[in-house]
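Take a look at the letters that make up each chain.
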Amino acid sequence: MRLLQGASLFGAFAADDLAACARRFREARFGKGELVFSRGDPGSSLYVVGDGQVRLAVSTAEGRELSFEVVGPGGMFGEIALLDGRPRSAEATTIAPTIAYVLAREDFKRLMRERPLATEAVIEFLCGRLRRVSDRLEDVALHPLVVRLARFLLVAVGDRRAPPGKRVPVELRFSQSELALLLGASRPKINASLVELERAGAIGRTSDRLFCDRDKLIGIAELGGPVRDP
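1. Here's the deal with the packing of aromatic side chains
Link 1 in the chain: According to the stated counting rule, one finds four aromatic pairs in the structure shown.
Link 2 in the chain: A centroid spacing of 5.9 Å and a plane angle of 40 degrees characterise the contact between Phe 37 and Tyr 47, whose relative ring orientation is tilted. Linking Phe 37 in strand E2 (residues 35–37) with Tyr 47 in strand E3 (residues 45–51), this pair joins segments that are ten residues apart in sequence.
Link 3 in the chain: Judged by its relative accessible area of 9%, Tyr 47 is buried.
Link 4 in the chain: Aromatic pair Phe 37 and Phe 77: ring centres 5.9 Å apart, planes at 35 degrees, arrangement tilted. With Phe 37 in strand E2 and Phe 77 in strand E6 (residues 76–77), this residue pair connects regions lying 40 residues apart in the sequence. With respect to class, Phe 37 is no different from Phe 77; both count as buried.
Link 5 in the chain: Taken together through their ring pairs, the aromatic side chains of Phe 37, Tyr 47 and Phe 77 make up a single cluster.

2. Let's talk about the sheet that holds strand E10 (residues 203–205)
Link 1 in the chain: Spatially, three strands are ordered E9-E11-E10 in an open sheet, and the strand pairing comes out antiparallel. Each edge of the open sheet carries a strand with a single partner, namely strand E9 (168–170) and E10. On average, each strand axis in the sheet is inclined to that of its neighbour by 25 degrees, with strand direction left out of account.
Link 2 in the chain: The pairing of E10 with strand E11 (residues 210–212) spans three bridges and is classified as antiparallel. Bridging from a neighbouring strand, Arg 205 pairs with Leu 210 of E11.
Link 3 in the chain: Along the sheet, helix H6 (residues 145–157) makes contact with E9, E10 and E11, crossing E9 at roughly 100 degrees.

What counts and how
- Residues numbered from 1 in each chain as written.
- Predicted model: local features only at pLDDT ≥ 70, side-chain atom pairs only at ≥ 80, totals over all residues.
- Heavy atoms only, no water.
- Phe/Tyr/Trp six-rings, centres within 6.5 Å; stacked < 30°, edge-to-face > 60°.
- Helix = DSSP H or I, 4+ residues; strand = E, 2+ residues; numbered from the N terminus.
- Buried < 20%, exposed > 50% of the residue type's maximum accessible area, 1.4 Å probe, protein only.
- Pairing = 2+ DSSP bridges.
- Axes fitted to C-alpha atoms, helices over the stretch in contact; angles between N-to-C directions.
- Contact = heavy atoms within 4.5 Å.

The following block contains the structure:
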């Protein structure tokens, strides 16, 4: 129940509705790089991540791929096909060993019939998802890559703050190639944007970590370009 309370679809459920829903989940385990489902598969269930990470992506017949989300602990995926019963619109692949909790569509429909008030939470969830999609489209269409990358890193930093003169350490857990897929760019362009952020003093890098200056990232994200030291 604690995990579901943090998932966007179930967070607004009343306690008794949440308990009834939690009883219908089952556990599933996946290794790194394992395909959870493919685009076009039947939309028979949704997943809540307990541990690990799952990349959601779409690809063309020519092999081009665009990742649009990485789902971590407490996050949810596969819910759209669960709600409308249509085939999967994307593929889901683990990028780390993952434990997920799975709810079948028939169990979810039964819950909606038995507990009508839960329907309001579903409507609220769908409205929030539509707003996020609109924001993502705006980012890709209107903002340069360095701004999109700064905004992405700010999400990873969250509310953490470092002592004066220090930066916040961030472990992204995925490569520049995966970042490129997620932000709709090429790997060389991601690397060039990281260099630009580094020159602006917004990040520092080691072999496996980034160290982020939250205020400078905010300046780049809001002003639309690097904020350089004089």
